Amino acid sequence: MKRTELLTAAGSLAEIRHYAEAGADAVQIGEHRFGARLPGDIPVGLLKEAVQTAHGCGMKAYVVANRIFDNAAVAELPDYLIQVAEAGADAVGFGDPSLLSAAREAGLDHLPLHWNPEMTATNYMTANYWADRGAVRAVLARELNMEQVLEFKKRCKADVQVQVHGATNIFHSKRRMVKSYMEHRGESAAQGAFGMEQGLYLIEEERQDERYPIYEDEAGTHIMSGDDLCMLDALEELLAAGIDSMKVESLLKPVAYNAAALFAYRQAIDAYAADPEGYSFREEWMEPIIRLQPPNRPLTYGFYFKEQVY
């Protein structure tokens with residue numbers, strides 16, 4: 001039986017090693033020039049070392065190039081993808097179709113691609129369209145419920161990846177909205193990738209207790225969920241369906257928290273693989289997560305058990 005992959009994103013060589021020790025099977029890496037919502041910047045000059053570090057730890061390394069590209073970025077894509085391939089990356093994650101064209105232009109017809117258009121990956125037919133054009137994996141929208149995820153898996157030609165833990169992205173704009181707002185107020189805006197380090201939040205007037213983290217990187221403005229997805233105690237149905245990859249989102253969390261979450265999911269995945277018929281959730285797997293969980297970010301099942309209507 002094929003074991004479900006446990007995936008996270010790493011922003012440095014040290015994080016790659018930490019997450020390998022915690023039980024991750026694969027890491028997403030990349031640089032802000034081409035990737036959005038990365039936990040750190042691994043420029044092309046360090047890419048080969050990062051890939052070798054992951055491989056040396058027994059993990060796969062996927063390069064994230066999921067930005068919405070403008071004309072200037074598109075011109076740089078073929079050379080970047082050649083360097084990604086030369087570094088030995090196991091796949092490239094993309095959402096913008098221009099990356100597919102750039103890969104063809106660079107002669108990289110066999111470079112494995114992970115299709116990830118974020119909120120619009122809502123049906124298997126579109127995923128199969130991209131599978132016919134080279135995508136070997138589809139990353140599902142976080143707004144799908146369990147029934148939709150299972151149907152997707154049954155009918156998708158490519159591998160299926162879902163998020164099972166952490167913050168989810170609920171809004172993205174290429175505009176630097178926080179920077180523009182602060183400059184309008186005559187205040188200096190944060191430089192660099194993560195304005196979230198300043199504790200920036202959006203709060204709705206009608207829901208004052210719920211805070212939505214907001215930050216900016218070179219890809220624009222991002223607003224994240226006010227809670228954290230946690231499917232640890234409801235993982236069996238996804239495992240039984242043969243979901244190919246499960247991601248623990250590392251954004252907004254320290255390395256220690258992410259390592260604890262990865263280790264918890266590692267135990268669950270291994271327990272199921274060892275004895276599917278006798279599998280049952282164990283409360284002790286959840287305890288390290290509960291101890292480290294920020295008090296203002298409740299754990300929820302996201303949309304998995306909601307009736308979502310598009």
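Remember, predicted model here, so these are calculated numbers, not experimental data.

**Concerning the nonpolar core**
Then comes step 1: Within the largest apolar cluster, 82 residues are counted, with the highest numbers of intra-cluster contacts made by I29, M231, L235, L238 and Y265.
Then comes step 2: The element best represented in this core is helix 9 (residues 255-274), accounting for 9 residues.
Then comes step 3: Beyond its immediate sequence surroundings of up to four residues, I29 is in contact with A10, I16, L38, I42, L47, A50, V51, A61, Y62, V63 and V64.

**Looking at the packing of aromatic side chains**
Then comes step 1: On inspection of all chains with the given rule, the structure shows 8 aromatic pairs.
Then comes step 2: Plain terms: the ring middles of Y129 and W130 are 5.1 Å apart, the flat faces sit at 90° to each other, and that makes the pair edge-to-face.
Then comes step 3: Taking relative accessible area as the criterion, W130 reaches 12% and is therefore assigned buried.
Then comes step 4: With 5.9 Å between their ring centres and 75° between their planes, F281 and W285 make a pair best called edge-to-face.
Then comes step 5: Residue W285 is classed as buried on the basis of its relative accessible area of 2%.
Then comes step 6: An aromatic cluster of three or more residues is present, and its members are Y272, Y279, F281 and W285.
Then comes step 7: Between R133 and the ring centre of Y129, over which it is positioned, the NZ or CZ distance is 3.6 Å.

**Examining unusual backbone geometry**
Then comes step 1: Of note, R37 is a non-glycine position whose phi angle comes to about 55°, a positive value.
Then comes step 2: By secondary structure assignment, the location of R37 is in the loop between strand 2 (26-29) and helix 2 (44-56).
Then comes step 3: For L252, which is not a glycine, the phi torsion comes out positive at approximately 75°.
Then comes step 4: For L252, a relative accessible area of 25% corresponds to the partly exposed category.

**Some words on a negative patch on the surface**
Then comes step 1: A contiguous patch of negative charge on the surface is contributed by D233, E283, E284 and E287.
Then comes step 2: With respect to the element layout, E284 can be found in helix 10 (residues 283-292).

**Observations concerning the pattern of salt bridges**
Think of it this way: side chains of opposite charge can pair up when their charged atoms draw near.
Then comes step 1: A full pass over the atoms with the stated rule returns 18 salt bridges.
Then comes step 2: Across the pair K157 and D132 runs a salt bridge whose closest N-O atoms are separated by 3.0 Å. Remark: D132 occurs in the loop between helix 5 (124-131) and strand 6 (135-139) and K157 occurs in the loop between helix 6 (146-155) and strand 7 (159-166); sequence separation between them is 25 residues.
Then comes step 3: Take K157: its relative accessible area is 57%, and that puts it in the exposed class.
Then comes step 4: As a salt-bridge pair, R155 and E151 come within 2.4 Å of each other at their nearest N and O atoms. Here R155 and its partner E151 are both found in helix 6, 4 residues apart, which amounts to about one turn of the helix.

**Thoughts on helix 10**
Then comes step 1: Listing the buried residues of helix 10 in full gives W285, M286 and I289. One face of helix 10 carries all of its buried residues, which in axial projection span an arc of 85°. The exposed set on the far side of helix 10, more than 90 degrees from its buried face, consists of E283 and R291.
Then comes step 2: Contact partners of the buried residues in helix 10: strand 7, strand 12 (228-230), helix 9 and strand 14 (299-300).

**Describing helix 3 (residues 71-86)**
Then comes step 1: Over its 16 residues, helix 3 extends 24 Å from the first C-alpha to the last, a length consistent with the 22 Å expected when each residue adds 1.5 Å.
Then comes step 2: Its maximal kink placed at L77, helix 3 deviates by approximately 40°, while the proline P78 follows within four residues.
Then comes step 3: Turning to helix 3, its buried residues are A73, L77, P78, Y80, L81 and V84.
Then comes step 4: On the buried face of helix 3, the contacting elements are helix 2, strand 3 (60-65), strand 4 (91-94) and helix 4 (98-105).
Then comes step 5: Two or three places before A72, at the opening of helix 3, D70 has a side-chain oxygen 3.3 Å from that residue's backbone nitrogen.

Rules used in this analysis
- Residues numbered from 1 in each chain as written.
- Predicted model: local features only at pLDDT ≥ 70, side-chain atom pairs only at ≥ 80, totals over all residues.
- Heavy atoms only, no water.
- Core = buried A, V, L, I, M, F, W, Y, C linked by side-chain atoms within 4.5 Å.
- Buried < 20%, exposed > 50% of the residue type's maximum accessible area, 1.4 Å probe, protein only.
- Helix = DSSP H or I, 4+ residues; strand = E, 2+ residues; numbered from the N terminus.
- Contact = heavy atoms within 4.5 Å.
- Phe/Tyr/Trp six-rings, centres within 6.5 Å; stacked < 30°, edge-to-face > 60°.
- Lys NZ or Arg CZ within 6 Å of the ring centre and 35° of its normal.
- Patch = residues over 30% accessible without salt bridge, like charges linked within 9 Å, V, L, I, M, F, W, Y side chains within 5 Å.
- Areas by Shrake-Rupley, 256 points an atom, 1.4 Å probe, with all protein chains shown as cover.
- Salt bridge = Lys/Arg side-chain N within 4 Å of Asp/Glu carboxyl O.
- Lys, Arg positive; Asp, Glu negative; His and termini not counted.
- Charge placed at Lys NZ, Arg CZ, Asp CG, Glu CD.
- Arc of directions from axis to C-beta.
- Expected span 1.5 Å × (residues − 1).
- Bend = angle between axes of the 7 residues up to and from the residue.
- Polar contact = N/O pair within 3.5 Å; in protein donor to acceptor, adjacent residues only side chain to side chain.

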